[in-house]
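# Examination of the molecular architecture
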Amino acid sequence: MISRIFRTTIYLCFFGVPLIAYNQKKPNNFILGSYPAATPGTSYNIAGFGNDYATGTTYSLNYGRINATTTGLNRVVKLFNVEGESYTFTKAVAGAKPFGSVIVKRSTADVKVTALFETGSRTGTTVNLAPDYTGSMEDLINSYVINRGTDNVFINTGGSTTNNIERFDLILTDPVDVSRYNPNTSGFLLMERNGNDIFKVSAITGLTGTTVTALNTPVTVGVANWGSTAYNFESVVMQQRVTGTTTDANLKPSQNIPQQNISGVFVTLAQVGLTSGTLYGVSFFGGDVALTNAQLLNIANYPTTTSETPNAYGIDFMAGGGFFTRAVLIQGTVWNDANNNAIRGAGENGIANDLWANLVSPSGVVISSLKVNANGTYTTYVASNSVVTGDYKVILTNSEKYEGVALSAADNPLNGYSYTGVNVGGVANTSNQTGIINLGQIYRPLYDDIADVSGIDFGIRNPALPITLGTLDATLSGNRLSVNWTTFTEKSNRSFDIEASSDGNQFTKIGSVNSKAQNGDSDEGLHYEFVMDLEAGSLALVWGSIVLACSALFIKRKNKLACSLLVTGFATIVSGISCTKQDTIVDGKDARIFIRLKQINKDGSFEYSKTIQAVKR
C-alpha cells in the first residue's frame, strides 16, 4: 500500500530570486550490501600530498585491500525506507553506474581530484584502502559504491581541501517520462559523508547532447534532511592536481579522517517541481548559489569564494544512487517444519540456518539477494519500474548471489536440514521440496504502485532425530488400535506422544509413553507398544454415557468419538500399559487412521517421525 506523502512548500526570496525550500524526505532503515573488490587491485607508490602525509615521504597505496591478506569490498545501498515506503534501484555489480554520464562544471580549466576512500588498514607507510580504485571526480560520483567518494567538492578557498567545481550534472541513461511515475514516491537518492552539508538540486528539463539547456527552480537540502545509514568508517582523503602549474602522477594521500557516518537524502520528482514532462537528470551545486533558472546555466555566474565552514556548503558526495522508484517487496519466512506438513504449527519457530533469499527475474538472473533474518523472516525486492512480463522466483541459497548472476537451482540447506515443502499465502504444498517458489507474474501497471507480496514461506527440517528409530507400524483390529515401534539408540529422550489423524494432515494426541532408556540414553534396541481399545468391553454402558454427554460438544465435528478428559481414565485401564490418554479423534469403524510419533527431548524440543497408515485387520 502506498502511504500518502505530505510536503510543505515555503516560497522564499533570496536576493530577489525565488527559491523553493521543501521538507525533503529523510531516508532511514538502510540495508547495505557489498561486493568484493577486484583482485589484484590497483597499487602504486607515491609521495604524500601534505597535511597528514608528508610530501617528502613515499607511501605504498593498495586499493581493494583490508590488509595484506584480506580482499577489500565495495559497499552499496540495497534498500531504504522513506515515510513507510521502501525503495531500491542500486546495483551490487562491479562497474555498474547509476547515470549515463556525469558532467563536472568548473570555474577554471584546471582539473583537480579531491577524493576519499574507506581505510582498510595503515601500517607505517603502507596504506590499504577497502574499495576499488577510481581516479576521477566523474567516476567517483557516477557509482553505486558508498565507501568512497568526493571531498569538499564546492569549496573554493580557505580549507586544506579545495576545488574549482561549481556544478555537477547527473545525466540519466534514458530520459524519464514523468507522467509514468508517481511524483511523490519516485526521485533521487543523494549520499554524503557525515550528512552535515547544505546544497541545492535542480531538475534537468532540457538537454542537447551533454549540455544542459533548462533547469527547474532549485531545491535546498539542509542539514536536517540527511538520514543516517548507521554505517561509519575511517577514511583517507586523496588529492591529485591533474592539470595546472603543478601536476601529480596519481592520487596522493592527504588526510586521515576519523570515523564518520554515511547519510542520504531522498529528493522526489514532486519536490523538484516535476509532475509531467521529461526528466533528463539532476544538477546539484553549492548552497550559497543564488541565481535565476536562466543564470544557473552559465558557470561564470557561480560564486568562487565558497569557504570551508562547519555545516555549510562543502558536501562530500559519495554516490549518485540514481533514479529510484518504490520497491515491490517480496517477503516470507523460513521455519522449522517439525511436523513435516508445510503448515506452520504451534512451537514451529522461524529459522535462518545461514540461508539467503534471492529474487530471480523471468530471464533467470538475480535481482536482489538478502540474508534470512535470525527469526526466519526475509525480504527481497524489485524496483516497481523494473518489473517485466514473465515469472519471478524466490530461490534459497547458502550464500549471497550478486545481481545479474544466473540462478536456477536452490542449495541444499546446511546442518542436516532439508526442504519439507512451501506455503504460499496459507496454501501448503509438500510436493515442492526444491527450495524454489514460482511467484508468477508481478503485475506492472502504468503507475508504479504495485502491491507488495507476502506469505512466501519455506519449510525446512532436520530429519536427524535424537533417537534412531527402527520399525514403526500400526494395526487396527475391530476397535483395538495397536502402535508398535523400536529404537536402536536414544539420547536425552524423555517420551513419545502418539498422534492420530483421519486425513493425514490434522493430528491429535491420543496418548504418550515414557522413554524406557535409563536417563533417556540408550545404545541398545528398545521396543515400545501403545494399545487403545475403543470398545472398552464391560464399560460399554459407561462409554455410551460419555458419548451422549460429549455429543452436544462435538455434534458438528467429524470422526470424534470421545471427550478428551473423561476418556483418559477409561482408556488407561483398558490399555493395560503405562500411558497417558489425551484427546482422541480415531474411530474404529474408520478405515483410514494415520499415526505418527512426536519424540520429545528432555529440554522440551521435539521432532516428528514419518506418518504411517494403520493397517486394518
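Fair warning: this is a prediction, and the values are worked out from it, not measured in the lab.

This brings us to the overall build of the chain. Regarding its fold elements, the chain presents three helices and 37 strands. A fraction of 74% describes how many contacts in the chain between residues 6 or more apart in sequence connect residues 24 or more apart. Counting every atom, the chain has about 25800 Å² of accessible surface; 50% of that belongs to carbon and sulfur.

Cis rather than trans, the peptide bond between Thr-39 and Pro-40 has omega equal to -5°. Inspection of the secondary structure assignment puts Pro-40 in the loop between strand 3 (28-36) and strand 4 (43-47). The phi angle at Ala-342 is positive, at roughly 65°, despite the residue not being glycine. Within the secondary structure, Ala-342 is located in the loop between strand 20 (323-336) and strand 21 (356-360).

Further remarks concern the confidence of the model for the chain. Scored by pLDDT, the chain has a mean of 82; 83% of the residues are at 70 or more. In the predicted structure, residues 1-23 sits below a pLDDT of 50 and forms 55 contacts with residues beyond four places in sequence or in another chain. Confidence drops under pLDDT 50 across residues 537-586; counting only partners more than four residues distant or on other chains, this segment forms 74 contacts.

The next subject is the pattern of salt bridges. Using the criterion set out here, one finds 11 salt bridges in the structure. In this structure, a network of salt bridges that share partners links the residues Arg-241, Asp-248 and Lys-252.

Attention now goes to the sheet that holds strand 24 (residues 391-397). The sheet built from four strands is open, its strands ordered 22-21-24-27 with antiparallel pairing. The strands lining the two open edges of the sheet, one partner per strand, are strand 22 (366-371) and strand 27 (436-441). Neighbour-to-neighbour, the strand axes of this sheet turn through a mean angle of 20°, independent of strand direction. In this sheet, strand 27 lies alongside strand 24 in antiparallel orientation, the contact comprising five bridges. Note that in strand 27 the partner of Ile-395 across the bridge is Ile-436.

What follows deals with the nonpolar core. With 48 residues, the main nonpolar core has Phe-168, Phe-199, Val-201, Met-238, Leu-279 and Phe-284 as its most contacted residues. With five residues, the top contributor of residues to this core is strand 12 (residues 165-177). Beyond its immediate sequence surroundings of up to four residues, Val-201 is in contact with Leu-190, Pro-218, Val-219, Val-221, Val-267, Val-282, Ser-283 and Phe-284. Residues Val-328, Val-387, Ile-442 and Ile-460 belong to the second largest nonpolar core, which totals 24 residues.

Enumeration over the complete set of coordinates arrives at 21 aromatic pairs. Pairing Phe-285 with Tyr-302 gives two aromatic rings, centres 5.9 Å apart and planes at 80°, and the pair type is edge-to-face. On the criterion of sequence distance, the pair formed by Phe-285 in strand 19 (residues 278-286) and Tyr-302 in the loop between strand 19 and strand 20 is long-range, its members being 17 residues apart. With relative accessibility at 0%, the residue Phe-285 sits in the buried group. Its relative accessible area of 4% is what places Tyr-302 among the buried residues. Among the aromatic residues, those joined into a cluster by ring pairs are Phe-154, Phe-168, Phe-199, Trp-226, Phe-284 and Phe-317. The ring of Tyr-528 carries Lys-516 above its face, with NZ or CZ at 5.2 Å from the centroid. Against the face of Tyr-608 rests Arg-596, its NZ or CZ located 3.9 Å from the ring centre.

Pairing within the open sheet is mixed, and its four strands lie in the order 33-30-29-37. What marks the edges here is a single partner per strand, and that holds for strand 33 (526-533) and strand 37 (615-616). With eight bridges connecting them, strand 30 (residues 480-490) and strand 33 associate as antiparallel partners. Within the sheet, the bridge partner assigned to Asn-484 lies in strand 33 and is Glu-529.

Attention shifts here to the environment of Leu-32. One can find Leu-32 in strand 3. Between the C-alpha atom of Leu-32 and that of Thr-229, which follows or precedes it by 197 residues, the distance is 8.2 Å. Apart from residues lying up to four places away in sequence, Leu-32 is in contact with Val-76, Val-77, Lys-78, Ile-146 and Tyr-231.

Moving on, we get to the pairing of strand 25 (residues 418-424). Most of strand 25 sits out of view: five of its seven residues are buried. Examined bridge by bridge, strand 25 and strand 26 (residues 427-429) share three bridges and lie antiparallel to one another. Bridged to Val-422 within strand 26 is Asn-429. Linkage of strand 25 to strand 26, two consecutive antiparallel strands, is achieved through a turn of two residues, within which Gly-425 is found at a positive phi near 60°.

In this sheet, strand 15 (residues 211-215) lies alongside strand 14 (residues 199-208) in antiparallel orientation, the contact comprising four bridges. By the bridge assignment, Ile-204 is partnered in strand 15 with Leu-215. Joining the antiparallel neighbours strand 14 and strand 15 is a turn of two residues, in which Gly-209 adopts a positive phi near 65°.

The topology assignment puts Ser-283 in strand 19. Residue Ser-283 is classed as buried on the basis of its relative accessible area, which comes to 0%. Once residues lying within four places of it in the same chain are set aside, the contact partners of Ser-283 are Arg-167, Phe-168, Asp-169, Lys-200, Val-201, Ser-202, Ile-204, Val-212 and Leu-215.

About the thresholds
- Residues numbered from 1 in each chain as written.
- Predicted model: local features only at pLDDT ≥ 70, side-chain atom pairs only at ≥ 80, totals over all residues.
- Heavy atoms only, no water.
- Helix = DSSP H or I, 4+ residues; strand = E, 2+ residues; numbered from the N terminus.
- Contact = heavy atoms within 4.5 Å.
- Areas by Shrake-Rupley, 256 points an atom, 1.4 Å probe, with all protein chains shown as cover.
- pLDDT = per-residue confidence, 0-100.
- Salt bridge = Lys/Arg side-chain N within 4 Å of Asp/Glu carboxyl O.
- Pairing = 2+ DSSP bridges.
- Axes fitted to C-alpha atoms, helices over the stretch in contact; angles between N-to-C directions.
- Core = buried A, V, L, I, M, F, W, Y, C linked by side-chain atoms within 4.5 Å.
- Buried < 20%, exposed > 50% of the residue type's maximum accessible area, 1.4 Å probe, protein only.
- Phe/Tyr/Trp six-rings, centres within 6.5 Å; stacked < 30°, edge-to-face > 60°.
- Lys NZ or Arg CZ within 6 Å of the ring centre and 35° of its normal.

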